[in-house]
Each structure stands twice: as structure tokens, then as C-alpha cells.
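# Secondary and tertiary structure notes
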Amino acid sequence: MMMTLSPYSKLPDTAFWRTGVAEIDAPIDPNIYTPKWAIDPAIQIATAGSCFAQHIGSHLSAAGFDILDVEPAPRDLPAPLHMKFGYGIYSGRYGNIYTVRQMLQLAQEALGDSNRRDYLWRKGDRWFDGLRPTIEPDGLSSPKAVTYHRDWHLSQVGKMLTSMDLLIFTFGLTEAWIDKETGTVFPVCPGTVTDNFDPRKHVFHNFDYAEIYDDFIELMALLAKHRPVGKKPLKYMLTVSPVPLTATAADKHVQVATVYSKSVLRSVAGTLADRFPEVDYFPSYEIITSPWSGRHFYSANERSVTAEGVACAMSTFMSSHSSAAITSEQAPTLRSRPRDEPETLEEDLEMLVACDEELLDAFGRSKT
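Keep in mind that this is a model prediction, so the values were computed, not measured.

### Examining the overall build of the protein
Tallying secondary structure elements over the protein gives ten helices and ten strands in all. Looking at the protein as a whole, 49% of its 368 residues are labelled buried. At a minimum sequence separation of 6, the contacts of the protein that also span at least 24 residues come to 71%. Looking at the protein as shown, the accessible area adds up to about 18100 Å², and 55% of this sits on carbon and sulfur atoms.

### What to know about unusual backbone geometry
The backbone of Asp251 shows a phi angle near 60 degrees, a positive value even though the residue is not glycine. Turning to its location among the elements, Asp251 is positioned in the loop between β9 (235-240) and α6 (254-275). According to the relative accessible area criterion, Asp251 is exposed, its value standing at 77%. With phi around 60 degrees, Glu302 is a residue other than glycine that occupies positive phi space. Here Glu302 is to be found in the loop between α7 (284-289) and α8 (307-321). Judged by relative accessible area, which is 47%, Glu302 ranks as partly exposed.

### Things to note about the packing of aromatic side chains
Counted under the stated rule, the structure contains twelve aromatic pairs. For the ring pair Tyr33 and Phe317, a centre distance of 6.2 Å and an interplane angle of 5 degrees mean the geometry is stacked. Of the two residues, Tyr33 sits in the loop between α1 (17-22) and β1 (44-49) while Phe317 sits in helix α8, which places them 284 residues apart along the sequence. Of the two residues examined, Tyr33 and Phe317, each falls in the buried class. In this structure an aromatic cluster arises from ring pairing among Phe169, Phe171, Phe216 and Tyr236. Sitting over the face of the ring of Tyr281, Arg266 holds its NZ or CZ atom 3.9 Å from the ring centroid.

### Describing the nonpolar core
Grouped burial of nonpolar side chains is what soluble globular proteins tend to show. Core analysis: the biggest nonpolar cluster contains 47 residues, and Leu161, Phe169, Phe171, Phe216 and Leu238 have the highest contact counts within it. Counting residues per element, this core draws most heavily on helix α5 (residues 209-225), which supplies seven residues. With 27 residues, the next largest nonpolar core counts Tyr33, Ile67, Phe282 and Ile287 among its residues.

### Observations regarding the sheet that holds strand β8 (residues 202-206)
Strand order in the open sheet formed by three strands is β7-β6-β8, with antiparallel pairing between adjacent strands. In this open sheet, the two strands that pair with only one neighbour each are β7 (185-186) and β8.

### Here we look at the side chain of Ser91
With respect to the helices, strands and loops of the structure, Ser91 is situated in the loop between β2 (66-67) and α3 (100-110). From its side chain, Ser91 meets the backbone oxygen of Leu68 in a polar contact 2.9 Å long. Among residues more than four places away in sequence, those in contact with Ser91 are Ile45, Ala46, Thr47, Ile67, Leu68, Asp69, Val70, Glu71 and Met160.

### Brief notes about a nonpolar patch on the surface
A grouping of Tyr8, Leu11 and Phe16 is seen on the molecular surface, where their side chains present a nonpolar patch of about 300 Å² in accessible area. By the element assignment, Tyr8 lies in the segment before α1. Judged by its relative accessible area of 56%, Tyr8 falls in the exposed class.

What counts and how
Residues numbered from 1 in each chain as written. Predicted model: local features only at pLDDT ≥ 70, side-chain atom pairs only at ≥ 80, totals over all residues. Heavy atoms only, no water. Helix = DSSP H or I, 4+ residues; strand = E, 2+ residues; numbered from the N terminus. Buried < 20%, exposed > 50% of the residue type's maximum accessible area, 1.4 Å probe, protein only. Contact = heavy atoms within 4.5 Å. Areas by Shrake-Rupley, 256 points an atom, 1.4 Å probe, with all protein chains shown as cover. Phe/Tyr/Trp six-rings, centres within 6.5 Å; stacked < 30°, edge-to-face > 60°. Lys NZ or Arg CZ within 6 Å of the ring centre and 35° of its normal. Core = buried A, V, L, I, M, F, W, Y, C linked by side-chain atoms within 4.5 Å. Pairing = 2+ DSSP bridges. Polar contact = N/O pair within 3.5 Å; in protein donor to acceptor, adjacent residues only side chain to side chain. Patch = residues over 30% accessible without salt bridge, like charges linked within 9 Å, V, L, I, M, F, W, Y side chains within 5 Å. Salt bridge = Lys/Arg side-chain N within 4 Å of Asp/Glu carboxyl O.

Below, the structure written as C-alpha cells:
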């Protein structure tokens, strides 16, 4: 009987814990990620998703990649106010898109494949777009103004969706609040920005694996349908946000709810990357959350990712897609809080446009 070597005998070092993790003299093994395909610097890249996606776009732009910005800031708006009003964070001024369903409904509206969803939320004498409630932090003067802004927004997002060659999308949450009658997903729970929560209209939903997977498949089909003739097939780079939930409405401990949410999202992202050659997965989640790195990649609140953590993840990404990695010195300036510095509600509110989910933290603090 012919004896053969074990199938493990020819595997690379990255396949073994000792050589792939324990003996690595670095925060993370630089070989943790092997791209499916190279990113051509000449292609047009769009970014969307949850808070962590913001870092990817800024680092790629700094490295010379062509990041779409279909809704640039007005020339007379001072640069320090750009983020406050939702400019320059993503390729469109849609703010954080925490769920795949939210991304799908935006694409359907922008491409004319569904009826318009207009939600006019009011606070005092100011009006807000319920599907982008933090984009205008002070609200607008009238419902007409909100509708006008939304018309422009959808027209520009439509251009983005048909011109992009690569969509970088970060999965953020499974939990969402939905309009009971229409099924529309809101980016934040109604009542966190304006005083309009109605339990008869607004219901909590925790998306499961099948729903998220099916939503992304539908999104891919929709974008392929509207792909201009002659353009190469659209590619997707998926990541999972390493940022834990601020709060949960799932009747579970927030740590348990976080692990459920991230596990489901990671599983969906992995399946999509395994099944479709045009979909790749970058393990930013694994890099930041790894307890074996020996580094502190979270701030004092054990939730916000530090500049060091972002630099480590993006250096890994860039070294795989270019000849030189971005270092923390080369990277754009990133806010981080020392681990021993106390948080303040004022600091959190200052960053709400960058991370809408932080709004929920104010409700938890009001109990203390």
C-alpha cells in the first residue's frame, strides 16, 4: 500500500497557529491577507458602510487612488465643518449605512427601481431627512428644503453607482429600526435625533444571515442591471466593522448582542467572498479585534478604534495592494483618545456625524 504525506505537510506557515500567530514578531502577520485581485489605481472607487469604512477611503485617497466624491463640500464651507455636515466622509453624502438593507434601498431609489421614500422629521421649527438625519445637524427650514436636498442627493448617488468600478462596503450592524408599513430601514432609531418615535409605526428588527445574504445578492443584481454597456464587471471589497454596538434593543447583554451581530456579518461576508470571484474580503475585523496582537487597538471606552489600530489595518491593506504600505506618519490625521483619558458627552456629540450610532450612548449615560 502506497503511503502519502499528510495534506498538512505542504501547507504554508500561515496555515498553522504557531508560525502564523504565536511566533510573529509584529502586531499582526502581514500575510494575514492575500488579495484576490489587484486594485488598479486608475479605476473609480466608491466607499460606503458603517463608521470604520471612513478610514479606508481616506487612506486610499492619500495613497493616490481615485476615490469618488459625487457630493463635494461647497467651496465656501470651511474645511473644519466638512465632517459635521457629512462631506468627504464617503463617496456620497449618505452618512453611515449600517445594514445591507439600507444600502439596497438607497440604490433602488437612486437608480429608479423603487418608489421614493421621503421621511420628514421635525424638531421645533426645523426639518430633517429621516433617512439622513444627521447630515444637516441643525435641520433645514422647511419640508420643501428637505425634499430639494434629497432630490439632489439621489441624483448624485445614481451617478456614483453607475460610474464606480469598485465598491468598498463595510458591514456594520444587524440591528435596525424599520417603518412597519413600508419596510423602510432607518439609519438610526427614530427619536434619537428628533422626537418622533412612534411604537405603532417604528419596529425593531435584527437581520439574520439569510436576509443579509439575500439583500447583498439583490444589490449585486441591481447594480449589474444598471451597469453601463462596455464597462468591466463591478468588483466589491467587503469588510466588517470592528466597532462594538453602542447599545442593543435585542433583549440581550450588549456584549452577547455584539458577538452575534459581528459573527453573522463576518459569515455573510466570507460566504460572498468564497462564492463570487468579483467579491473580496479584507480582514480588518480580525486585525483590530485580535487578542493576540499584544496591542491596545481600542480607546478607553473599549469601543473606538485607535489611530494605531487603524494604521495597522490599513498598512496591511496597502502593502497588499501597492508597493509601499501607509505608515502611521503617512496616514491622514486620525482622532484617537488615550486609554486613560475620560470620555465626555461633548466629545461624543462632536463626532456624531462620523458615527451616528454614538447617539445611543447618550441615553445610557442619562441613567447614571
